[in-house]
Structures are given as C-alpha cells and as structure tokens.
Amino acid sequence: MQLTSAETVLEATDLSVELGGLPVLRGISLSVGVGETVALLGGNGSGKSTLVRTVVGLLPYQHGTIALFGRPQRLFRSWRRIGYVPQRTPVGTSAATVREVVGAGLLAQRPPFLPAGKAHRRAVTEALEVVGMAGRAGDRVSWLSGGQQQRVLIARALVGKPQLLILDEPTAGVDLEHQQVLAGVLDRLTDNGTAMLVVLHEIGPLAEQIDRAVVLREGRVAYQGSLAGIPGLHAGGHECEEPAAPDPIGGAILQQTDLVRPNGSQGNGRP
Ligand SMILES: Nc1ncnc2c1ncn2[C@@H]1O[C@H](COP(=O)(O)OP(=O)(O)OP(=O)(O)O)[C@@H](O)[C@H]1O
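Residues numbered from 1 in each chain as written. Predicted model: local features only at pLDDT ≥ 70, side-chain atom pairs only at ≥ 80, totals over all residues.

- Naming follows an unreviewed UniProt entry, where the chain appears as Zinc transport system ATP-binding protein of Microlunatus parietis.
- Within the UniProt record for the chain, the comment given under Sequence similarities (unreviewed entry) is "Belongs to the ABC transporter superfamily." (UniProt positions renumbered as here; feature names shortened; annotations may be inferred.)

Written as structure tokens, this is what we have:
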C-alpha cells in the first residue's frame, strides 16, 4: 500500500513499560513519519532496546498507545511492512546458510509449501549485494565474523522491502567501510519513503541522514530535536560546531558520556 508523505508510520504515546515489576520506560511519546530517520540515543540501560522491542510487539506495555501505519498495534497484522534488526544477535552456532537466513525474511510473503521461486532468490541476492555479502551466500553463518553476521541480519530485514525499518545498533561491530556502505543504502531507502528508527551508540556515518534524535535517559525522553542540538555530541568524531541549547524534556540535562560510548562500558542500570 502506498503512503503519502504526510503519514505517520509509527506513533507511540505516553508509553510505559515495566519489566520484572520495575519501571523501565515512563511516559514515552515518539513518532516516525514516512521517509523520516529518527535516531534513538541514550546511555546503557536507558531503555532503547526495550522501546523498540515493545514497538515490534516482543514486550507488553502497561500504559499508553502504539500505532503502526495508523492502526493500533494490537490490531496491526501487516508485519511484513516492518523490518527489524535486533541488537547484535548471536547466530554463530547456526548451521543455516547466509542465503537461508536472509530468505527467512521473506517467509511471510511466500505461499506455503512451495519452494523459493526465482523472484525470491533474486530478492535475496539483491539484499545480500546491498550489504556486500552476495559472495558468501552459500556459506554457513557460523563461519562469518560478528560484523559479517550483522550485515546478514540487515539483509534479512531489507529483503522484504519494508516501509518501516527498525534497527537496534546496526553498526555495532561493523567496520567503518561497511558502515559507510550501510549509510548509503539507508539513505536511498529513505529517499524512497522508508521510515527508520535506529538505535545508535555512535552516530558515525549515519549522521548525515538523521532527521531527528530522541535521547532516552532513565526510561524517559530527555531530548527530542536535531542532532546538532545535543550539547557536546560527537557524531562519529565530528563535534557539533555550535551546540545549541538543549530542549530538555522532563527537566533532564544531557551528558555526552550518556550518548556515544562505543563499548557500552558505563552502565547506569535500571532507572
Ligand atoms: N526482561 C527484563 N527483565 C527485567 N529488566 C529488564 C529486562 N530487559 C531489560 N531490563 C532492564 O531494563 C533497562 C533498560 O534496558 P535496555 O536493554 O532497554 O537498555 P538500552 O538502552 O538498550 O541499553 P544498551 O545501550 O546497553 O543496549 C535495564 O536496566 C535492563 O536491565
């Protein structure tokens, strides 16, 4: 189904999530429109993965609403319109080939009990070409490095040509060259109207295409606005020239160390 550019693809309103009886997300409101790229930032344990996992229905929420393509999440059935790359998933023990893993991203679009047809195989090859892994299509994923496995998972999310792409730290463990390739790919997708919600620790080469940043702190939205408006943010080594005053939401003051630690070493734990 075609969407007009005015449409909101994802809208979360006043969302609260408890895990293990403790609040993890509190009063989160966030939206992503057609062709828009929203970066989700924040320190370790601030709730980024919990938010995206809740949006894709992997975790329940206790309060608020989520709408996907204009429908309440509980009534939403067109999951093929959404591509999701979870945070660094170990696939190292799997005997599946690269082609099979990427092809799994098309299962929902294939008639049951029929072998993959030409169009299916072409789509898989194209998705692998996008991430520079077509030459490894027949290899077991367990033979690949962590960064290569990550690129395969990105291909799996891309293969169904989703209209909303949710990526949880897609560049973690991916070398700079392939981060740049990925940035180019995502840029072309947004030009074609794909909406993106991307969890990032380091902005890196994706900085250019981020339309809006949402910063979480202790399970709340601490800032929402341009990347340049985040004080002291280093976007892949490029310091913002004139960091504007933050637009704190909920009175939170941002600290750079909360945003761009590459190795996730500082944990502020559960809010
Ligand atoms: N299943 C769970 N049960 C209880 N607590 C959980 C569960 N999953 C996550 N948490 C807690 O929720 C908080 C937020 O975790 P989350 O993984 O969303 O953070 P994050 O911002 O993605 O962190 P990171 O940048 O380190 O990946 C953490 O304190 C975490 O311990």
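Next, the rest of the story.
## Topic: unusual backbone geometry
Thinking step 1. Backbone geometry places Lys161, a non-glycine residue, at a positive phi of 50°.
Thinking step 2. With respect to the element layout, Lys161 can be found in the loop between α4 (146-158) and β7 (164-168).
Thinking step 3. Its identity as a non-glycine residue notwithstanding, Glu218 has a phi of 50°, on the positive side.
Thinking step 4. Take Glu218: there are 21 C-beta atoms within 10 Å of it, and that puts it in the buried class. (Helix = DSSP H or I, 4+ residues; strand = E, 2+ residues; numbered from the N terminus. Buried ≥ 20, exposed ≤ 12 C-beta atoms within 10 Å, placed from the backbone.)

## A few points about the pairing of strand β8 (residues 195-199)
Thinking step 1. Most of β8 is tucked away: five of the five residues are buried.
Thinking step 2. Side chains of β8 alternate between two faces, with Ala195, Leu197 and Val199 and Met196 and Val198 buried alike.
Thinking step 3. Strand direction decides the pairing type here: strand β3 (residues 37-42) and β8, joined by four bridges, are parallel. The residue of β8 that forms the bridge with Val38 is Leu197.
Thinking step 4. As judged from the five bridges shared by β7 and β8, these two strands associate in the parallel manner. From the neighbouring strand, Asp168 faces β8, where its bridge partner is Val199.
Thinking step 5. For the crossover that starts at β7, traverses helix α5 (residues 176-191) and ends in the parallel β8, the hand is right-handed. (Pairing = 2+ DSSP bridges. Right-handed = clockwise from strand over helix to strand, strands pointing away.)

## So, the sheet that holds strand β6 (residues 82-85)
Thinking step 1. Strand order in the open sheet formed by six strands is β6-β7-β8-β3-β9-β10, with mixed pairing between adjacent strands. For this open sheet the edge positions go to β6 and β10 (220-225), each flanked by a neighbour on one side alone. Averaged over all neighbouring strand pairs, the angle between strand axes comes to 15°, with direction disregarded.
Thinking step 2. Two strands pair when backbone bridges link them, and β3 and strand β9 (residues 212-217) are joined in this way by five bridges, in the parallel orientation. Directly across from Leu40, in β9, lies its bridge partner Val214. (Axes fitted to C-alpha atoms, helices over the stretch in contact; angles between N-to-C directions.)

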